[in-house]
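What the coordinates show
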Amino acid sequence: MASRPGLLTEWPWQRLGNFKYVVVAPWVAHSFYLLATKDLKDIHLTYILIFPSLLLRMLHNQIWISISRLQTARSPHRIVDRSIDFEQVDRERNWDDQILFNGILFYVGYHMLPGATHISTWQINGVIINILLHAGPVEFLYYWFHRALHHHFLYSRYHSHHHASIVTEPITSVIHPFAEHIVYFMLFAIPMLVTIFTRTASMVQFVGYIFYIDFMNNMGHCNFELVPKWLFSTFPPLKYLMYTPSFHSLHHTQFRTNYSLFMPFYDYLYNTMDKSSDEVYEVSLKGKKEIIDVVHLTHPTTLQSIYHLRLGIASLASKPHKSNWFDLMMWPVAWVSMVFTWFYSSSFIVERNKLKNIKIQTWVIPRYKFQYGLLWEKEAINDLIEKTILEADTNGVKAKELNESGELYIQKYPKLKLRIVDGSSLAAAVIINGIPKGTQQILLKGKVSKVGRTVIQGLCNKGVKVVMTNKHDYYMLEPFMPETMGDNLLLSNTSMPQVWLVGDGLDDAEQWKAEKGTTFIPFSHFPPKKVRKDCLYYSTAAMKIPNELQNMHACENWLPRRVMSAWRIAGIIHALEGWGEHECGDKVLQVDKFWMAALRHGFLPLLNE
């Protein structure tokens, strides 16, 4: 919102939330009605194509969003090296409002404008008129309107909302108050209205012009340079006719320069061209190679989790992941993504963060959770992880491996420079220090993992009695317990403590055996399903991140905002402390040492209330 909101800053359907799409429902329903009841020759194609064009515009924008986020995470050609936060994501989540607004106006225009019902497929003279009118009146009027918006009166009431985003993303281009979009549509409508009134309009012209506007808007607000230098060398006048992302980024950092829409000609003409435009373009195009210190290695969980990736729908990724009813509508895309992962043979970068002097990236192995349990996928997955570790080692980073099988790669490559950290020690520390005060007895349920074993040892060492019900697990675990702690590990089928320590494999029936008010504390990567409303469920091992950790604008799986899993934090702490040990396989580092280091670097306990 603008610093001092003026008249018509709020969109008319803003209070409808996700139900805002009903504003175009009557026209869409009417289109389908015509298709179902009339012959195609009796239907005006112009009217029928409006709805598909709106969907294509949304898809076009989403593609730009995904490409931009992928590039800013891995590309050396970033322009502004600053952080994006959750506030910006929330402010920009309504990027499709302008598409709905345009759709309504197209439907209204079709019914009200003479000649709008009979638009030909293609007319070259209409295309030429459109190009000339855009380069002339549209660009000229936009330039002066844009300069007016930077006057303190209009800027504080309207345009400051757009400029709140210093680091731009493609969707930043359309994040304006409603009043601004009214003026923008009036400007862009000039070529379309003239061609309609002169009977030279065509569907190709309309679709091409709207595509041009969306393409240039999205491209110009990317935070990486992608326009090649040879393009301007081959055709020098192009520098006056087409802006670049670095050109427009200066407008968002300097504010009083580079006002042009898509054609810098008017900035040259009226002497508002930023003098550093060429230099910033050259530097951004050249790029700057970075040394990454920590790599967090992860993978998608469920099929639906593909939508929660930072590269996907930004508004979904910025909230804790949960299954929604509309996920069912997107199953075809989810299945296509699953098939794609079977053929894709390399990890990809989805996130880039920084804490103090440590630079961090998140790399994704293109395999879902269920694929890790398939025997015939084991070799392929190990090859993917091995390839990723070697790539990270070549670049001098520290890799975090999630499957607790890093010793395989250490044995195969004993001269690895990086350190593999599975995070078990810190995960155990978070769980141990999160046990409710005064707890004297805990019931262990589910599959015992490395983290579970470490937690049990830590609790027994503190004098907390751990009750097990599975004889096999009990006798497997007993040899790992020092004699001084052995009395605190019990085997019983009758004891029912109020605190349960749970791993993978806890089913609904087991949960219903718990007494009312029982606290479930998971020690696995995945929390148990919440089937009891009269019980308390803790989060998986996680901590709040320090404010200094930059570029956090996506939630990690089901965790709240600015909360990170202990497994992921462990790699960061390992790098910050400069420790030289691996932590994988059966290797466990000092739990208390890890815990104190995390607190010292600003990570805070996640309160489970």
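Procedures and definitions
- Residues numbered from 1 in each chain as written.
- Predicted model: local features only at pLDDT ≥ 70, side-chain atom pairs only at ≥ 80, totals over all residues.
- Heavy atoms only, no water.
- UniProt positions renumbered as here; feature names shortened; annotations may be inferred.
- Buried < 20%, exposed > 50% of the residue type's maximum accessible area, 1.4 Å probe, protein only.
- Helix = DSSP H or I, 4+ residues; strand = E, 2+ residues; numbered from the N terminus.
- Pairing = 2+ DSSP bridges.
- Right-handed = clockwise from strand over helix to strand, strands pointing away.
- Core = buried A, V, L, I, M, F, W, Y, C linked by side-chain atoms within 4.5 Å.
- Contact = heavy atoms within 4.5 Å.
- Axes fitted to C-alpha atoms, helices over the stretch in contact; angles between N-to-C directions.
- Parallel < 35°, antiparallel > 145°, perpendicular 65-115°, else oblique.
- Left-handed = near helix turned anticlockwise from the far one by under 90°.
- Nonpolar A, V, L, I, M, F, W, Y, C, P; charged D, E, K, R; others polar.
- Expected span 1.5 Å × (residues − 1).
- Polar contact = N/O pair within 3.5 Å; in protein donor to acceptor, adjacent residues only side chain to side chain.
- Salt bridge = Lys/Arg side-chain N within 4 Å of Asp/Glu carboxyl O.

An unreviewed UniProt entry annotates the protein chain as aldehyde oxygenase (deformylating) originating from Dendrobium chrysotoxum. Regarding the protein chain, the UniProt comment filed under Sequence similarities (unreviewed entry) reads as follows: "Belongs to the sterol desaturase family."

With respect to burial, strand 5 (residues 441-445) is a largely interior element, 4 of its 5 residues being buried. In terms of strand pairing, strand 5 meets strand 6 (residues 465-468) through 4 bridges, oriented parallel. When the bridges of strand 6 are listed, leucine 444 appears paired with methionine 468. Considered for its hand, the β-α-β crossover made up of strand 5, helix 20 (residues 450-461) and strand 6 is right-handed.

Here is a general trend for soluble globular proteins: nonpolar side chains tend to be buried in one another's company. Ranked by internal contacts, the top residues of the largest apolar core, which has 54 residues, are Leu426, Ile456, Leu459, Leu489, Leu501, Ile573 and Phe603. Every residue in contact with leucine 459, bar those within four places of it in the chain, is listed here: Ile432, Ile435, Ile442, Val464, Val466 and Leu501. Judged by nonpolar contacts, the second largest core, of 49 residues, contains Trp11, Leu34, Ile213 and Leu238.

The next subject is the sheet that holds strand 11 (residues 542-544). Reading across the sheet, the 3 strands line up as 12-11-13 and stay open at both edges, with antiparallel pairing between neighbours. Of all the strands in the sheet, the pair left with one neighbour each is strand 12 (563-565) and strand 13 (604-605). Sheet topology note: the strand 11/strand 12 ladder contains 3 bridges and is antiparallel. From the neighbouring strand, lysine 544 faces strand 12, where its bridge partner is valine 563.

Moving on: the packing of helix 12 (residues 245-254) against helix 14 (residues 277-286). At a minimum axis distance of 8 Å, the contact between helix 12 and helix 14 shows a crossing angle of 120°. Considered as vectors, helix 12 and helix 14 are oriented oblique to each other. Considering the relative orientation of helix 12 and helix 14, their crossing is right-handed. Contacts between helix 12 and helix 14 involve Ser246, Phe247 and Leu250 on the former and, on the latter, Ser277, Val280, Tyr281 and Ser284. Looking at side-chain class alone, the contact of helix 12 with helix 14 contains 4 nonpolar, 3 polar and no charged residues.

What the 6 strands build is an open sheet, ordered 7-6-5-8-9-10; its pairing is parallel. The open sheet has two edge strands, strand 7 (489-491) and strand 10 (536-537), and neither has a second partner. Pairing between strand 9 (residues 519-522) and strand 10: 2 bridges, direction parallel. Bridge pairing links phenylalanine 520 to tyrosine 537 in strand 10.

Looking now at the UniProt feature "domain: Fatty acid hydroxylase" (unreviewed entry) in the protein chain. As annotated in UniProt, the feature "domain: Fatty acid hydroxylase" (unreviewed entry) corresponds to residues 134-272 in the numbering used here. Taken end to end, residues 134-272 is 65% helix and 0% strand, and its two terminal C-alpha atoms sit 20 Å from one another.

Let's shift gears to helix 20. Spanning 12 residues, helix 20 covers 17 Å between terminal C-alpha atoms, matching the ideal 16 Å at 1.5 Å per step. For helix 20, the buried fraction is high: 10 of the 12 residues fall into the buried class. Every buried residue belonging to helix 20 is among Lys450, Val451, Gly452, Arg453, Thr454, Val455, Ile456, Gly458, Leu459 and Cys460, and all of these are buried. At the C-terminal side of helix 20, glycine 463 shows a positive phi close to 90°.

Here the focus is the side chain of serine 495. Take serine 495: it is sitting in the loop between strand 7 and strand 8 (499-502). Separated by 2.9 Å, the side chains of serine 495 and glutamine 441 make a polar contact. When residues no more than four places from it in sequence are discounted, the contact partners of serine 495 are Gln441, Leu443 and Val467.

Attention now goes to the pattern of salt bridges. Evaluated as defined, the whole model comprises 20 salt bridges. Notably, a salt bridge pairs arginine 600 with glutamate 577, separated by 2.8 Å at the nearest N-O pair. With arginine 600 in helix 24 (residues 591-600) and glutamate 577 in helix 23 (residues 566-577), the pair connects residues that are 23 residues apart, well separated along the chain. Residue classification places glutamate 577 among the partly exposed residues on the basis of a relative accessible area of 26%.

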